[in-house]
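# Architecture at a glance
These are the residues of each chain, in order.
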Amino acid sequence: MSDPVRELYSEHRYPALSHPEAHPAVLCASSRCAGVVSPALPENCRLLEIGCASAHHLLPLAARYPDSHFTGIDFSDTAIRSARRIADQTGLKNLTLEHADLREWTAGDEKYDYIVAHGMLSWIPDPAKEALLTLVSNSLAPNGVACLSYNTLPGWSLRHEAAAMVKALPALAPDGDLDALLEKLARTSSISPSPHARDLAAIFEDMRRKGPEILRFDELAPVNDPLHFSQVIHWAGQKKLRYLSESTLPENLPPQLAPETLIHLQSLAGDPVLLQQTLDLLSGRTHRSSLFCLADCQLDLATTSSVVLHFSARLVEPNLPREAITGELVEIFHASLTAATPSAREVTTIMEECAMRLGKRWDPAQAAKAIAGWLYQAARLGWVELRSDETLIEPVPPERPTLSPLNLSFARAGLPLVDAFHKSCHFPQEHQVVVAALDGTRSRSELAEFAKEKAPELHFEPWLVHLSSRGLFKK
């Protein structure tokens, strides 16, 4: 890596983050919808993360899937040591963590079902970019899937210039106060009523929300190369990699665009790269998390919406418009999906419940077609999330709330927890002592008294219910 990048990673620790969009249960479902015939199931897979930092993404996966193996490499020896320490504390044996430069590391004869490189492609020099794609190509299993994230053009253009302004104007804020500088730039930009100024003000406010810990590795990083989608596809093709889709179904159609947009772009259907690049232009998309397979990977080009019947589903958008739920079959299915919230349940199980409700009026063929069609569209629009495995959550807190050993280790280290759907849970510093007390030694009433003493502003009972609804407590 270049010296500035090397210095950044030696002087600062990358924030502890998990990446829900790169969870193997999500990657499995998305790649199957994209035509991969037999993507590996997360409970029996091999996953490599390139640039794993302190392994906040990998550690929960290793804990959840003990029969799978997870490998992480990172340039920061400090981050790797931290990850190894937590792995040792929690007894995780299915995890290999290595301090390595991706330009020099090889997987040997090992082939991986999933490769994840989050926050890499846009943030490393060009020789390292080539090394990353070469490593992915050489290390993927025949039906393997790689998830690569990067900043995209033209949407990132204005943000890129805004970051350059922040670097060039430190004198506008006293004592190098980055938040004060961003606040001043946001306020100054908002004075003008022009759309350009409003967009600029929104970017500065978003940078404030991210905070300096993330900004130094993102907008303000020594290398930050936003890329055209077509450029990434070209580079990937040179390494015999084939684009599949985005890592989650909704991202295949940017949320800023109405589904009807595709009707006006039908003439581009024969050139999917140009179609996707056009969607980036129309939406102003700034980031992609794209899936790739080997160029010779066997794909089922006749994959239909019925593929979703093999997954698990959870409701993400609870307030759907009435017209979005059409017909008795869909209405009953949606009601069962709602009743299962916040869990992700197997679609076949939900359909069995629907069959019981309809009795003799249940027609398996008609029901499968109607439900599969609705569920696929609901997933594309972000109303429902599809996953390859079931995740059952009890939303009522137990009498003695107990975090998993891994999350308890995170809590005591002042790190974010990771919930049942792999989302990071951040807490104010003053609440950390209460989080760390969720070790099963106190009853709910005792915890309430403890919280009253240590964090009197915390609304404890609603907070506890929220944690339970995210699947954070052991059953």
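Further up the page is the structure itself.
The text that follows walks through the structure, step by step, so that each part is easy to find. This one's a predicted model, so the numbers in the text were calculated from it and none came from an experiment. (Residues numbered from 1 in each chain as written. Predicted model: local features only at pLDDT ≥ 70, side-chain atom pairs only at ≥ 80, totals over all residues. Heavy atoms only, no water.)

### Remarks on the sheet that holds strand β10 (residues 345-346)
The strand order across the open sheet formed by three strands is β10-β9-β11, and the pairing between neighbours is antiparallel. The open sheet terminates on both sides in strands that have one partner only, identified here as β10 and β11 (384-387). Here strand β9 (residues 312-315) runs beside β10; their pairing, made up of two bridges, is antiparallel. Among the inter-strand pairings, Ser312 is bridged to a residue of β10, identified as Glu346. Where helix α13 (residues 328-340) meets the sheet, its contacts fall on β9, β10 and β11, and the angle it forms with β9 comes to roughly 80°. Taken strand by strand, helix α15 (residues 364-380) contacts β9 and β11, and its axis lies near 105° from that of β11. (Pairing = 2+ DSSP bridges. Helix = DSSP H or I, 4+ residues; strand = E, 2+ residues; numbered from the N terminus. Contact = heavy atoms within 4.5 Å. Axes fitted to C-alpha atoms, helices over the stretch in contact; angles between N-to-C directions.)

### Focus: the packing of aromatic side chains
A ring pair, where both rings are aromatic, is described by two values, the distance of the centres and the angle of the planes. Scanning all chains against the criterion turns up six aromatic pairs. Ring centres of Tyr243 and Phe292 lie 5.8 Å apart, and the angle between their planes is 70°; this geometry places the pair in the edge-to-face category. In this pair, Tyr243 sits in strand β7 (residues 241-246) while Phe292 sits in strand β8 (residues 287-294), placing the two residues 49 residues apart along the sequence. Judged by its relative accessible area of 0%, Phe292 is buried. Their ring planes at 70° and their centres at 6.1 Å tell us that Phe427 and Trp463 sit as a pair that is edge-to-face. Of the two residues, Phe427 sits in the loop between β13 (424-425) and α17 (432-435) while Trp463 sits in helix α19 (residues 460-469), which places them 36 residues apart along the sequence. Classification of Phe427 by relative accessible area gives buried; the value is 15%. The class for Trp463 is buried, based on a relative accessible area of 11%. Pairwise contacts between aromatic rings join Phe229, Tyr243 and Phe292 into one cluster. Just above the ring of Phe421 sits the side chain of Arg314; from NZ or CZ to the centre is 3.9 Å. (Phe/Tyr/Trp six-rings, centres within 6.5 Å; stacked < 30°, edge-to-face > 60°. Buried < 20%, exposed > 50% of the residue type's maximum accessible area, 1.4 Å probe, protein only. Lys NZ or Arg CZ within 6 Å of the ring centre and 35° of its normal.)

### What to know about the side chain of Ser54
Mapping Ser54 onto the fold places it in the loop between β1 (46-50) and α3 (58-64). Ser54 sits in the buried class, given a relative accessible area of 9%. Ignoring anything within four residues of it in the chain, the contact list for Ser54 reads Ala16, Leu59, Ala79, Ser82 and Ala83.

### As for the environment of Lys111
Checked against the element boundaries, Lys111 lands in the loop between β3 (95-99) and β4 (112-117). Each residue touching Lys111, except ones within four places of it in the same chain, is listed here: Arg46, Asn138, Ser139, Leu140 and Ala141. One polar contact links the side chain of Lys111 to the main-chain carbonyl oxygen of Asn138, over a distance of 2.4 Å. (Polar contact = N/O pair within 3.5 Å; in protein donor to acceptor, adjacent residues only side chain to side chain.)

### Some thoughts on α19
Taken together, the buried positions of α19 are Phe460, Trp463, Leu464, Leu467 and Ser468. One face of α19 carries all of its buried residues, which in axial projection span an arc of 140°. If you follow the buried residues of α19, they end up packed against α17 and α18 (444-454). Positioned one or two residues after α19, Gly471 has a phi angle of 70°, which is positive. (Arc of directions from axis to C-beta.)

### Considerations on the packing of α18 against α19
Put simply, α18 and α19 touch, their axes get as near as 10 Å, and they point 120° apart. Taken as axis vectors, α18 and α19 run oblique relative to one another. As α18 packs across α19, the resulting crossing turns out to be right-handed. Contact with α18, carried on its side by Arg444, Leu447, Ala448 and Ala451, involves Phe460, Glu461 and Leu464 of α19 and no other residues of that element. Its residues assigned to classes, the contact of α18 with α19 comprises five nonpolar, no polar and two charged. (Parallel < 35°, antiparallel > 145°, perpendicular 65-115°, else oblique. Left-handed = near helix turned anticlockwise from the far one by under 90°. Nonpolar A, V, L, I, M, F, W, Y, C, P; charged D, E, K, R; others polar.)

### Concerning the pairing of β4
Most of β4 is tucked away: six of the six residues are buried. Two strands pair when backbone bridges link them, and β1 and β4 are joined in this way by three bridges, in the parallel orientation. Among the inter-strand pairings, Leu47 is bridged to a residue of β4, identified as Tyr114. Note that β4 and strand β5 (residues 140-153) share five bridges and pair parallel. Bridged to Ile115 within β5 is Ala146. In the classification by handedness, the crossover that spans β4, the intervening helix α5 (residues 126-139) and the parallel β5 is right-handed. (Right-handed = clockwise from strand over helix to strand, strands pointing away.)

### Here we look at the nonpolar core
By size, the foremost hydrophobic cluster in this structure holds 59 residues, and its most contacted members are Leu59, Leu403, Leu417 and Trp463. Excluding its chain neighbours within four sequence positions, the residues that come into contact with Leu417 are Leu403, Asn407, Phe410, Ala411, Lys423, Ser424, Cys425, Phe427, Val435 and Leu472. Ranked by size, the runner-up nonpolar core spans 33 residues in total, among them Leu249, Leu309, Val347 and Leu386. (Core = buried A, V, L, I, M, F, W, Y, C linked by side-chain atoms within 4.5 Å.)

### Examining the environment of Val384
Relative to the assigned elements, Val384 resides in strand β11. Dropping the residues within four chain positions of it, Val384 is found in contact with Ala313, Arg314, Leu315, Val316, Leu337, Trp374, Leu375, Ala378 and Ala379.

### Let's talk about the state of the cysteines
Evaluated as defined, the whole model comprises zero disulfides. Cys52 takes part in no disulfide bond, and the closest cysteine sulfur to it belongs to Cys147, at a distance of 15 Å. We note that Cys293 lacks a disulfide partner, and the nearest cysteine sulfur, in Cys297, lies 4.2 Å from it. (Disulfide = S-S within 2.5 Å.)

### Comments concerning the pattern of salt bridges
A side chain of one charge can pair with a side chain of the opposite charge if their charged atoms are brought near each other. Counted under the stated rule, the structure contains 29 salt bridges. Here Arg103 makes a salt bridge to Asp101, at a shortest N to O gap of 3.3 Å. Residue Glu328 is joined to Arg361 by a salt bridge in which the shortest nitrogen-to-oxygen separation is 2.9 Å. With Glu328 in helix α13 and Arg361 in the loop between α14 (347-358) and α15, the pair connects residues that are 33 residues apart, well separated along the chain. Salt bridges sharing partners connect three or more residues here, namely Arg159, Asp206, Arg209, Lys210, Asp218 and Glu219. (Salt bridge = Lys/Arg side-chain N within 4 Å of Asp/Glu carboxyl O.)

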